[in-house]
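# Chain and residue survey
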Amino acid sequence: YVVVPVPVITAGIPNRNSQAFSIESLVDFSVDMHCPRYKSFVSSPCFQEHQSEDYEEAKGVNLDAILIPIRSYNTAKIVVLSAFCRQKDPRLANVILKGERQSYSMGAVATSFTCSICKGKLGPAIVRTCKCTGTDFNRLNTYGTIKQGGKLHYLLADDPIFVENSSVSDPADITAVSTAL
């Protein structure tokens, strides 16, 4: 295995997909996963470019996840220890090992989100209280744009479960880069 520590999430800071994870949601205990939500990364698969439809095609496994407080910025980083299998995909493992591929991106699911502007709720199967977007949950085209008062419009995942970590060419969180092996 090629083992890589990946700084995959910065708590409370939206990624380029206009989604964020509050520190409260990350440390919240998931009854379904039997652990704090950020630990749901552990034992989840690793992929390349989020090609995660078939778990048998996984390129590796996430071995551990830690939460590192960054007190000077009043936030925290989630660092996932990802192991990419040299036998499953020798080419991918080799380009990671050579430092030619250094970016990562996580995959998560959530049943509800909180709007950063109005604090309303929205999600695929809940009663919407957010009035900032249209009625189609899958067309969140106003997120990531500046709204009145200079506030950034994004979604906070209320109940995230982390299902994978991928080696990618273009990460949603620009800090999800690792050269340490």
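Bear in mind that the values here come from a model prediction, so they are computed numbers and not experimental data.

## Notes on the overall build of the protein chain
Along the backbone of the protein chain there are two helices and 12 strands. Mapped in sequence order, the helices and strands of the protein chain form the string β-β-α-β-β-β-β-β-α-β-β-β-β-β. Here the C-alpha atoms of the protein chain give a radius of gyration of 17 Å, agreeing with the 16 Å that 2.2 N^0.38 yields for 181 residues. Oriented by its inertia axes, the alpha-carbon framework of the protein chain measures out at about 50 × 35 × 30 Å. Averaged over its 18 positive side-chain charges, the protein chain has a centre that lies 7 Å from the centre of its 17 negative ones.

## Observations regarding a negative patch on the surface
There is a patch of like negative charges on the surface, built from Glu-53, Asp-54, Glu-56 and Glu-57. Summarising the element assignment, Glu-53 is placed in the loop between β5 (45–48) and β6 (60–70). Take Glu-53: its relative accessible area is 67%, and that puts it in the exposed class.

## Let's talk about the side chain of Asp-173
Following the sequence through the fold, Asp-173 ends up in the segment after β12 (161–168). Side chain to side chain, Asp-173 and Thr-175 meet in a polar contact 2.6 Å long.

## What about the pattern of salt bridges?
Pairing is possible between side chains that carry opposite charge, provided their charged atoms lie close to one another. Summed over the entire model, instances satisfying the criterion amount to six salt bridges. Across the salt bridge formed by Arg-101 and Glu-49, the nearest N and O atoms sit 2.5 Å from each other. With Arg-101 in the loop between α2 (90–97) and β8 (103–109) and Glu-49 in the loop between β5 and β6, this pair connects stretches of sequence that are 52 residues apart. In this structure, Asp-158 engages Lys-121 in a salt bridge whose closest nitrogen and oxygen atoms are separated by 3.2 Å. In this pair, Asp-158 is assigned in the loop between β11 (155–157) and β12 and Lys-121 in strand β10 (residues 121–122), connecting sequence segments 37 residues apart. Owing to a relative accessible area of 23%, Asp-158 belongs among the partly exposed residues under this scheme. By relative accessible area, which is 33% here, Lys-121 ends up partly exposed.

## Notes on the sheet that holds β6
With respect to topology, six strands assemble into an open sheet ordered β1-β7-β6-β5-β12-β8, the strand pairing being mixed. Each of the sheet's edge strands pairs with one partner strand only, and the pair in question is β1 (2–10) and β8. Neighbour to neighbour, the strand axes of the sheet diverge by 35° on average, direction disregarded. Bridge analysis of β5 against β6 gives two bridges, and the strand direction is antiparallel. By the bridge assignment, Cys-46 is partnered in β6 with Gly-60. Packing of α2 onto the sheet brings it into contact with β1, β5, β7 (75–84), β8 and β12, and relative to β1 it is tilted by some 70°.

So, how was this worked out
Residues numbered from 1 in each chain as written. Predicted model: local features only at pLDDT ≥ 70, side-chain atom pairs only at ≥ 80, totals over all residues. Heavy atoms only, no water. Helix = DSSP H or I, 4+ residues; strand = E, 2+ residues; numbered from the N terminus. Rg over C-alpha atoms; globule rule 2.2 N^0.38 Å. Lys, Arg positive; Asp, Glu negative; His and termini not counted. Charge placed at Lys NZ, Arg CZ, Asp CG, Glu CD. Patch = residues over 30% accessible without salt bridge, like charges linked within 9 Å, V, L, I, M, F, W, Y side chains within 5 Å. Areas by Shrake-Rupley, 256 points an atom, 1.4 Å probe, with all protein chains shown as cover. Salt bridge = Lys/Arg side-chain N within 4 Å of Asp/Glu carboxyl O. Buried < 20%, exposed > 50% of the residue type's maximum accessible area, 1.4 Å probe, protein only. Polar contact = N/O pair within 3.5 Å; in protein donor to acceptor, adjacent residues only side chain to side chain. Pairing = 2+ DSSP bridges. Axes fitted to C-alpha atoms, helices over the stretch in contact; angles between N-to-C directions. Contact = heavy atoms within 4.5 Å.

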